[in-house]
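# A closer look at the structure
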Amino acid sequence: MAVKIRLARHGAKKRPYYRVVVADGRMPRDGRYIELVGRYNPLTTPKVIDLDLEKIDEWIARGAQPSNAVAHLIDVARSDAPAPEKKQKPSKKAAARAAAEAEAAAGAEDAE
């Protein structure tokens, strides 16, 4: 039996909330799990990462494999640093508006 430590998605549509669970690798993503070892809420500011690192270490010692996402969350939780924020890429309209404002500002400086 391949045991995985992975995220199980809960919450409403477009409002995800994750549980960090230990599950059989053959079970569905949100299906039956062996043990709940943490929670992760990416929508709050700062992001909430609540993991029971002792239980996770016990499961890893027994041979459980954390997923890539859970491995990253474990690293963030161990470092006690806040989860890194992704940079928001401006939309095309916002980028065009900013470029136009920069041009107008440069033109105003040249006129002086």
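Scope of this entry: the structure provided in the associated data block. (Residues numbered from 1 in each chain as written. Predicted model: local features only at pLDDT ≥ 70, side-chain atom pairs only at ≥ 80, totals over all residues. Heavy atoms only, no water.)

### Focus on the packing of aromatic side chains
Spelled out, the test is: Aromatic pairs are defined between Phe, Tyr and Trp rings, using the six-membered ring for Trp, whenever the two ring centres lie within 6.5 Å; interplanar angles under 30 degrees are classed as stacked, those over 60 as edge-to-face, and all others as tilted. Numbering of helices and strands runs from the N terminus, with a helix taken as a DSSP run of H or I at least four residues long and a strand as a DSSP run of E at least two residues long. Partly exposed residues are those whose accessible area sits between 20% and 50% of the maximum for their type, while under 20% is buried and over 50% is exposed, using a 1.4 Å probe and protein chains only. Placement of a charge over a ring requires the Lys NZ or Arg CZ to be within 6 Å of the ring centre, with the centre-to-atom vector within 35 degrees of the ring normal.
For the coordinates displayed, the defined rule picks out 1 aromatic pair. Seen in terms of ring centroids, Tyr18 and Tyr40 are 6.0 Å apart; in terms of plane orientation they differ by 20°. Their pairing is stacked. Here the residue Tyr18 occupies a position in strand β2 (residues 15–24), and Tyr40 occupies one in strand β3 (residues 35–41), the gap between them amounting to 22 residues. Accessibility assignment for this pair places Tyr18 and Tyr40 in one class, buried. Lying over the aromatic face of Trp59, Arg62 brings its terminal NZ or CZ to 4.4 Å of the ring centre.

### Overview of the nonpolar core
Keep this limit in mind: Only buried residues count toward a nonpolar core, which is a set of Ala, Val, Leu, Ile, Met, Phe, Trp, Tyr and Cys residues joined through side-chain atoms within 4.5 Å. Every residue pair with non-hydrogen atoms within 4.5 Å of one another is taken to be in contact.
In terms of nonpolar packing, the biggest core is built from 16 residues, with Ile5, Val20, Val37, Leu51 and Trp59 touching the most fellow members. Looking at this core, the elements that each hand over two or more residues are β1 (3–12), β2, β3, α1 (53–61) and α2 (68–79). What Val37 contacts, discounting residues up to four positions off in sequence, is Ile5, Val20, Val21, Val22, Asp50, Leu51, Asp52, Lys55, Ile56 and Trp59.

### Some words on the pairing of β1
Put simply, the rule is: At least two DSSP bridges between two strands are needed for those strands to be called paired.
The pairing of β1 with β2 spans 10 bridges and is classified as antiparallel. Within β2, the residue paired with Arg6 across the bridge is Val21. Count of turn residues in the β1/β2 antiparallel hairpin: 2 residues, of which Lys14 carries a positive phi of about 65°. One ladder, built from 2 bridges, connects β1 with strand β5 (residues 65–66); its direction is parallel. Considered in β5, the bridge of Ile5 is made with Pro66.

### Here's the deal with the pairing of β2
On a regular strand, one side chain projects to one face of the sheet and the next to the other, so that they alternate. Of all 10 residues in β2, 7 are buried, a share of seventy percent or more. Both β2 and β3 contribute to a ladder of 5 bridges, which runs antiparallel. If you follow Val20 over to β3, its bridge partner there is Gly38.

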